[in-house]
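Coordinate inspection notes
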Amino acid sequence: MSETPTVLWSRPENERPGTPLLVIFHGYGADEADLFSLAAQLPESFTVASVRAPLQAGPGYAWFPLNSDLSYSVPAVTEAASVVELWLEEVRANHTSVSLLGFSQGMCMATSLLRHRPSDYAAVVGLSGFVVDADGDPYFDDAAVAALKPEIFWGRDQADPVVPEFAIELTNTWMHANVKLTKVLYAGMLHGINAQEIAHVGEFLQYKVLNAK
């Protein structure tokens, strides 16, 4: 696994210092370009970094192997998250804050990073995805998350045909126990993102990150 991920940036390097950073994690089988167009619809103060997952999956990439029933190995999740953390350590000092946005499998990544070091992140956005069933893995410090109660936006369609009900129930339980949750349901979106949701994400990031303090 490459130790330095491929990243698509919304600004040239000389314009990034002093800006808040928003890191985007794409879904299974996509790549770093897939969600990059969202950058133009979010608050322009952010520098957006869209990261490519490390494993080849069909025409695109995956953060960790997923079985057909969406089961996965927790060590594979933490390995992928650790690589992203090493990269974040290199770029974090340039930015006033770091927020995370993940779609589908990317939401697993964003929330797993938060669960390891919750104080590192200003806010997390999870779209049409779920949180990992950590099964007692020490990488996931949910006690620290619960103590901090970080801000999370969770958007989804109840008719999403991809994410199974057990994963939604687990995510719902975890969210209500550990974070300050902004949860919005969208009709007719299925396993996707629509304009209304992105508008809500922009408002959330403006209010919870840019206007905070």
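Described in the following lines is the structure provided in the data block. Predicted, not measured: the structure shown is a model, and the values here were computed from it. Here the residue index of a chain counts from 1 through its sequence in written order. Local features are withheld for residues below a pLDDT of 70 in this predicted model, meaning they are given only at 70 or higher, and side-chain atom pairs are given and counted only at 80 or more; totals for whole chains, interfaces and linings count all residues. As a convention, hydrogens and water are excluded, and side-chain values are obtained from all of the structure's heavy atoms.

**Regarding the nonpolar core**
As a rule of thumb, nonpolar side chains are buried together in soluble globular proteins. Of all hydrophobic cores here, the largest spans 46 residues; its most connected members are Val23, Phe25, Trp87, Leu88 and Leu100. The secondary structure listing takes helices from DSSP runs of H or I that are at least 4 residues long and strands from runs of E that are at least 2 residues long, numbered from the N terminus. Going through the elements one at a time, β2 (19-25), β3 (47-51), α1 (74-91), β6 (95-103), α2 (105-116), β8 (151-156) and α4 (165-178) are the ones with two or more residues in this core. Broken down by element, this core gets its largest block of residues, nine residues, from α1. To qualify as a nonpolar core, a set must consist of buried Ala, Val, Leu, Ile, Met, Phe, Trp, Tyr and Cys residues joined through side-chain atoms within 4.5 Å. Partly exposed residues are those whose accessible area sits between 20% and 50% of the maximum for their type, while under 20% is buried and over 50% is exposed, using a 1.4 Å probe and protein chains only. Of all hydrophobic cores here, the second largest spans 21 residues; its members include Leu42, Val48, Tyr186 and Val201.

**Thoughts on the pairing of β2**
Burial analysis of β2 places seven of its seven residues in the buried class, which makes it a mostly covered element. A pair of strands is labelled paired if DSSP reports no fewer than 2 bridges between them. With six bridges joining them, β2 and β6 adopt parallel strand pairing. Note on β6: the bridge partner recorded for Ile24 is Leu101. Summarising the sheet, β2 and β3 pair through five bridges and their orientation is parallel. Each residue of the ladder has a partner; that of Leu21, found in β3, is Thr47.

**Describing the pattern of salt bridges**
The term salt bridge refers to a pairing of a side-chain nitrogen on Lys or Arg with a carboxyl oxygen on Asp or Glu at a separation within 4 Å. Scanning the model with the defined rule gives seven salt bridges in all. The residue Arg92 makes a salt bridge to Glu89 at a minimum N-O spacing of 3.7 Å. A salt bridge links Glu89 to Arg117, with the shortest nitrogen-to-oxygen separation between them at 2.7 Å. Here the residue Glu89 occupies a position in helix α1, and Arg117 occupies one in the loop between α2 and β7 (123-127), the gap between them amounting to 28 residues. Of the residues examined, Glu89 reaches a relative accessible area of 41% and is grouped as partly exposed.

**Considerations on the environment of Gly188**
One can find Gly188 in the loop between β9 (180-185) and α5 (195-210). The class for Gly188 is exposed, based on a relative accessible area of 73%. Between the C-alpha atoms of Gly188 and Asp69, which are 119 residues apart in sequence, the distance is 23 Å.

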